[in-house]
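Inside the fold
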Amino acid sequence: MSSSSGQPQFRYTQTPSKVLHLRNLPWECTEEELVELCKPFGKIVNTKCNVGANRNQAFVEYADLNQAISMVSYYASSSEPAQVRGKTVYIQYSNRQEIVNNKSTGDVAGNVLLVTIEGVEAGDVSIDVIHLVFSAFGFVHKIATFEKAAGFQALIQFTDAETASAARNALDGRSIPRYLLPEHVASCHLRISYSAHTDLNIKFQSHRSRDYTNPYLPVNPSAIEGTLQPTVGADGKKKEPESNVLLASIENMQYAVTVDVLHTVFSAFGAVQKIAIFEKNGGMQALIQYPDVTTAAVAKEALEGHCIYDGGYCKLHLSYSRHTDLNVKAHSDKSRDYTISDAGILSVPQSSASGWPSVLQPASAVYNSSAISDGGLSAQPVWDANQQGIRPGVYNHPQVPGAYSGQTYGASAVPPYSLSGTIPSSSAGLIQASQQMPPYGIQPGARQAAAPPSAGQPPLYF
DNA sequence: AGCACA
């Protein structure tokens, strides 16, 4: 019904409030960054960030209404939009007059944690992965997982409330390391509270529940991975069926990744037919279509976990798409169809039979970061298409023990509790040291908005 | 890019 009183306010008729509503924040935005953005305009008395389905909204409450007004009016007339990590932030008055923070109300510490694993489906995170992550804090007695409206959840029973709270404090708001997750999962944040339970009643060992105190508990036959379950590898990761189309998610995207950049990178393995870029979960993803599965598999194998840019920037995570033929605009800033263009567009050499790219840079340049650090203004191109330096050795050992490489975690006694809400801090160093991808001579973002950090502007993540 | 569910 069309009520006149309870009607949501129209965009341009919002009454000022000392609470501001900020949208389009990066999902990993911290309270500090929020305060940094807002404090020039007045005293901030309260914040609430990572709000909304995508965790990309926030609220900021000023001490005084005029301070909120000054921020809104400043950015209303500013030529530079409000930004956090390069993303334009949209600011408006909240339709509420104060931030309601119910921080852990009635949340009594117990020995059982209720963990909501956000952004994943039940099949994405195995119970073994959950066990691995939480075992770092003490003996995990029992785990029960289930799906609710809130998403995929798990009850995790520890010996006592002290252990449980240690796990909660360390892991709440953080993310399960990527290497423990299927490649298509962009982010996976843990929201942890205490359960009212003290002892879980686990009936069967199954893919949904586990009792580690009772090895004699029967295995539920109906709960064993059956025909409807996705193919699961030995490491418990879901395996997508192979495809000629790769899904790339790009982590730590400090520089603009354009269609052209992706084309350069992925063409090293064969003719790229189509590319489409889109936003998902606040991050960037792209679909890259090859003519065949084999080429896609080679590209996936070679590029997975590698970074487009030196220094851990624009790290690629690849999985097989369900698509086989993309329907994209022939030429836009977010997509390209190379199959219908003029002859000669497929100028990049086909991949050799060995599968190794033929356009790679000599290894000496692998650690040459000039393309980035001098702002892309380097006089000599870092990469020359005519220079056919192939160094397979570089690619034969892209992984280093302990790196986030997907196979080594089982051996590692210490889980990477760099499990940061943003980028695993240890990850950057590993990449820099060993997991680098050759710089394909890409000039970042064609010198557009996303200029690389200059000397006076250090990268954010170090 | 569009208002918080603990």
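Per an unreviewed UniProt entry, chain A is named RRM domain-containing protein, and its organism is Dendrobium nobile. A UniProt comment under Subcellular location (unreviewed entry) is attached to chain A, and it reads "Nucleus".

1. Quick look at the packing of aromatic side chains
Evaluated as defined, the whole model comprises 5 aromatic pairs. Residues Tyr74 and Tyr75 carry aromatic rings whose centres are separated by 4.8 Å and whose planes lie at 85 degrees to one another, so their mutual orientation is edge-to-face. Here the aromatic rings of Tyr255 and Tyr313 are separated by 4.9 Å at their centres, their planes lie at 75 degrees, and the arrangement is edge-to-face. Here Tyr255, found in the loop between strand E12 (245-251) and helix H5 (259-267), pairs with Tyr313, found in strand E16 (residues 313-320); they are 58 residues apart in sequence, far enough to count as distant.

2. Focus: unusual backbone geometry
Excluding glycine, most residues fall at negative phi; most peptide bonds, likewise, are trans. With phi around 60 degrees, Asn24 is a residue other than glycine that occupies positive phi space. For Asn24, the position within the fold is in the loop between strand E1 (19-23) and helix H1 (31-38). By relative accessible area, Asn24 is classed as partly exposed at 26%. Although it is not a glycine, Arg55 sits at a positive phi angle of roughly 55 degrees. Structurally, Arg55 can be placed in the loop between strand E2 (44-51) and strand E3 (57-62). Relative accessible area serves as the criterion here: at 24%, Arg55 is assigned to the partly exposed category.

3. Some points on the nonpolar core
Soluble, globular proteins show a tendency: their nonpolar side chains are buried together. By size, the foremost hydrophobic cluster in this structure holds 31 residues, and its most contacted members are Leu262, Phe266, Tyr290 and Ile308. Contributions of two or more residues to this core are made by E12, H5, strand E13 (274-280), strand E14 (283-289), helix H6 (293-303), strand E15 (307-309) and E16. Membership of the second largest hydrophobic core comes to 28 residues, among which are Val129, Ala167, Ile176 and Cys188.

4. Structural notes on the pairing of E3
In terms of strand pairing, E1 meets E3 through 4 bridges, oriented antiparallel. When the bridges of E3 are listed, Val19 appears paired with Glu61.

5. Examining the sheet that holds strand E8 (residues 140-148)
If you walk across this open sheet you meet the 5 strands as E10-E7-E9-E8-E11, and the pairing is antiparallel. The open sheet terminates on both sides in strands that have one partner only, identified here as strand E10 (190-194) and strand E11 (209-211). This sheet shows a mean twist of 20 degrees between the axes of neighbouring strands, independent of strand direction. Those strands touched by helix H3 (residues 127-135) are strand E7 (112-117), E8, strand E9 (151-158), E10 and E11, and its axis lies near 130 degrees from that of E8. Lying on the sheet, helix H4 (residues 161-171) is in contact with E7, E9 and E10; it crosses E10 at an angle near 150 degrees.

6. Considerations on the environment of Ala297
Turning to its location among the elements, Ala297 is positioned in helix H6. Separated by 54 residues in sequence, Ala297 and Ser243 place their C-alpha atoms 8.0 Å apart. Apart from the residues lying within four places of it in its own chain, the contact partners of Ala297 are Glu242 and Tyr320.

7. Things to note about the pattern of salt bridges
Inspection of the entire model under this criterion finds 10 salt bridges. Across the pair Asp128 and Arg210 runs a salt bridge whose closest N-O atoms are separated by 3.4 Å. Of this pair, Asp128 sits in helix H3 while Arg210 sits in strand E11, and the two are 82 residues apart along the sequence. For Arg210, a relative accessible area of 18% translates into the label buried. Its salt-bridge partner being Lys274, residue Asp325 comes within 2.8 Å of it at the nearest N-O pair. Linking Asp325 in the loop between E16 and strand E17 (335-337) with Lys274 in strand E13, this pair joins segments that are 51 residues apart in sequence. Here Lys274 falls in the buried class, since its relative accessible area comes to 9%.

8. So, H5
Three- or four-residue spacings in an α-helix give side chains the same orientation, since the helix completes a turn every 3.6 residues. Summarising burial for H5: 7 of the 9 residues are buried, a large majority. Considered for burial, the residues of H5 that qualify are Val259, Val261, Leu262, His263, Val265, Phe266 and Ser267.

9. Quick look at the side chain of Ser332
By the element assignment, Ser332 lies in the loop between E16 and E17. There is a polar contact of 3.0 Å between the side chain of Ser332 and the backbone nitrogen of Lys334.

10. Quick look at the sheet that holds E15
The strand order E15-E16-E12-E14-E13-E17 describes an open sheet built from 6 strands, whose pairing is antiparallel. At either margin of the open sheet sits one strand with a lone partner, and together these are E15 and E17. Averaged over all pairs of adjacent strands, the angle between their axes in this sheet comes to 25 degrees, without regard to strand direction. In this sheet, E16 lies alongside E15 in antiparallel orientation, the contact comprising 2 bridges.

11. A closer look at the side chain of Ser206
Among the secondary structure elements, Ser206 is positioned in the loop between E10 and E11. Polar side-chain contacts of Ser206 include one of 2.9 Å to the backbone nitrogen of Arg208.

12. Thoughts on the environment of Val129
Checked against the element boundaries, Val129 lands in helix H3. For Val129, a relative accessible area of 5% corresponds to the buried category. If near-sequence neighbours (up to four positions away) are discounted, Val129 is found in contact with Ile176 and Leu180.

13. Here we look at the confidence of the model for chain A
Of the residues in chain A, 65% have a pLDDT of 70 or more, and the chain-wide mean is 72. Here residues 1-7 scores under 50 on pLDDT; set against residues more than four positions off or in separate chains, the count is 0 contacts. Contacts from residues 224-230, a stretch scored under 50 in pLDDT, to residues over four places away or in other chains number 5 contacts.

The rules behind the values
- Residues numbered from 1 in each chain as written.
- Chains lettered and ligands numbered in written order.
- Predicted model: local features only at pLDDT ≥ 70, side-chain atom pairs only at ≥ 80, totals over all residues.
- Heavy atoms only, no water.
- UniProt positions renumbered as here; feature names shortened; annotations may be inferred.
- Phe/Tyr/Trp six-rings, centres within 6.5 Å; stacked < 30°, edge-to-face > 60°.
- Helix = DSSP H or I, 4+ residues; strand = E, 2+ residues; numbered from the N terminus.
- Buried < 20%, exposed > 50% of the residue type's maximum accessible area, 1.4 Å probe, protein only.
- Core = buried A, V, L, I, M, F, W, Y, C linked by side-chain atoms within 4.5 Å.
- Pairing = 2+ DSSP bridges.
- Axes fitted to C-alpha atoms, helices over the stretch in contact; angles between N-to-C directions.
- Contact = heavy atoms within 4.5 Å.
- Salt bridge = Lys/Arg side-chain N within 4 Å of Asp/Glu carboxyl O.
- Polar contact = N/O pair within 3.5 Å; in protein donor to acceptor, adjacent residues only side chain to side chain.
- pLDDT = per-residue confidence, 0-100.

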